[in-house]
Amino acid sequence: MLPIRTSRPALAVVALTVSLTACTAQAADGGSSGARAGASEAAPPAKVTVVKKTAGSPVTVTASGGTLAAVRVVDAEGGVLEGRTDAGGTSWVSDRKAVPGTSYTVEVTSRTADGKESTSRSSFATPEPRKVNKVTLAPGKNTTVGIAHPLSIVFDLPVTRKADVEKQLKVTTSNNTEGSWGWVKDYSGRDRVDWRPREYWKPGTKVTLAADLDGTDSGGGWFVRDYRTGFTVGAAQVVKVDLDAHRLSVVRDGRTVRTIPVSGGTPGGDKRSWRGTAVLMAKEGTINMNSETVGLGDAYNKMVNYSMRLTWSGMYTHAAPWNAAYFGRENHSSGCIGMSDANAASFYASVNVGDPFEIKGRETKGTVAEGNGYGAWNLNWEQWKAKSALG
């Protein structure tokens, strides 16, 4: 994604005042020709004040004793900081916030009560930010995803001013989908905010995000660019996993199109599978799986085919030929949902990143948490909306 450049104000409050004085023609004897003719005196000069507020606030220009005819604020790269003048014409405020690390030129044309205009120019620069916050967006731009994939933003640095950040995030959908942002702690420990629809997306929905973060203070660092992304929702496909029956079913457009015998996590300990709704995060293909990375000691260390990630904590669906005796009969894995090579190959080809996996079973180690992959669907709508910083 290309950064959207906008203009930027200052880290310290500074006021620049420019007096604009109306001219009066002088008579030959040194007196005022206007006064000799009995005309009223020229209107008093307009006083213009340009206020460069702290970064994260807009630039404000005010006029007393006159009105603002034009205001133009431009950064060093030629980016214009747009703004608007109030109804009385005496105050102008930029639409976007000031950001650190940029120089600006301000050109103001004011008009006195008798119609005379004068133009002033000034410039200022803001210090570089001490810390810059960046984001990781999912899903990727111009991708097509399943009906359960949220719009997810993970932040590099802490976000303590969540409401200020959330105000800058605008989601637009092609069919006015109802949804809400919710703040969660990512499995990595970083702050994350997801936008989830009230119900699964409708197939064909087009989603765009305008994250106008440039100039916003997250509390842990400044954002110095905007972000844009967008994706399309694909087929209505749900994967239903019944760990007690040891089977997996593919439901497409409300109709079961396939059932596969599987074996889930071994009951009675840390090798149990998770339950609830998990979302297919990635199709990773052939990968090395090492039990030590998920806290299971040296239980296994092997190359695994057709690996499909469901949680950050290490639950996958994949081919597990070493477990063939248990498919459809018994849960006997280290927590993943395994199946034969042939079934895994065709299943891998048919599922999409973003497809929901609705998993049920008596012997599990709990429900998938919101930040352990995309577990937002395990909260009801009211619970999810309560996670918004904007109430």
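Here the structure is a predicted model, which means the values were calculated and not measured. (Residues numbered from 1 in each chain as written. Predicted model: local features only at pLDDT ≥ 70, side-chain atom pairs only at ≥ 80, totals over all residues. Heavy atoms only, no water.)

Participant: For the overall build of the protein, give the residues involved together with the corresponding values.
Facilitator: Looking only at helices and strands, one finds 4 helices and 25 strands in the protein. Per-residue burial for the protein yields a buried fraction of 47% across its 391 residues. By sequence separation, contacts in the protein at least 24 residues apart represent 67% of the contacts at least 6 residues apart. Carbon and sulfur atoms make up 49% of the accessible area of the protein, which totals about 18100 Å². (Helix = DSSP H or I, 4+ residues; strand = E, 2+ residues; numbered from the N terminus. Buried < 20%, exposed > 50% of the residue type's maximum accessible area, 1.4 Å probe, protein only. Contact = heavy atoms within 4.5 Å. Areas by Shrake-Rupley, 256 points an atom, 1.4 Å probe, with all protein chains shown as cover.)

Participant: Before we move on, could you go through the sheet that holds strand β11 (residues 151-155) and cite the residues and values that matter?
Facilitator: Taking strand neighbours across the sheet as the criterion, the 4 strands line up as β9-β11-β14-β13 in an open arrangement whose pairing is antiparallel. Only two strands of the sheet have a single neighbouring strand rather than two, namely β9 (135-138) and β13 (179-185). The average angle at which neighbouring strand axes cross in this sheet is 15°, direction not considered. Where β9 meets β11, 4 bridges bridge the pair, whose relative direction is antiparallel. (Pairing = 2+ DSSP bridges. Axes fitted to C-alpha atoms, helices over the stretch in contact; angles between N-to-C directions.)

Participant: Describe the packing of aromatic side chains, with residues and values.
Facilitator: Tallying each qualifying case throughout the model produces 8 aromatic pairs. Between Tyr104 and Phe124, the aromatic rings sit 5.1 Å apart at their centres with planes inclined by 25°, giving stacked as the arrangement. A residue pair is termed long-range when its members are at least 10 positions apart, and Tyr104 in strand β7 (residues 103-112) and Phe124 in strand β8 (residues 117-125) qualify at 20 residues. Three or more aromatic residues joined by ring pairs make a cluster, and in this case those are Phe155, Trp183 and Phe223. (Phe/Tyr/Trp six-rings, centres within 6.5 Å; stacked < 30°, edge-to-face > 60°.)

Participant: Describe the UniProt feature "active site" (unreviewed entry) in the protein, naming the residues involved and giving the relevant values.
Facilitator: In the UniProt entry, the feature "active site" (unreviewed entry) is given for His318 and Cys336. For this annotated set, covering 19 residues, all C-alpha atoms fall within 7.5 Å of each other, a compact arrangement in space. For His318, the location among the structural elements is in strand β23 (residues 316-319). Ignoring sequence-local partners within four residues, the contact set of His318 consists of Met289, Val304, Asn305, Tyr306, Ser307, Met308, Cys336, Ile337, Gly338, Met339 and Ala344. (UniProt positions renumbered as here; feature names shortened; annotations may be inferred.)

Participant: Can you break down the sheet that holds strand β21 (residues 282-290) residue by residue, with the values?
Facilitator: Within the open sheet, the 4 strands sit side by side as β21-β22-β23-β24. Their pairing is mixed. At either margin of the open sheet sits one strand with a lone partner, and together these are β21 and β24 (337-339). Each strand axis lies, on average, 35° off the axis of its neighbour in the sheet, ignoring direction. Relative to β24, β23 is paired through 3 bridges, and the arrangement is parallel. The residue bridging His318 from the neighbouring strand is Gly338, located in β24. Where helix α3 (residues 341-350) meets the sheet, its contacts fall on β21, β22 (301-309), β23 and β24, and the angle it forms with β22 comes to roughly 40°.

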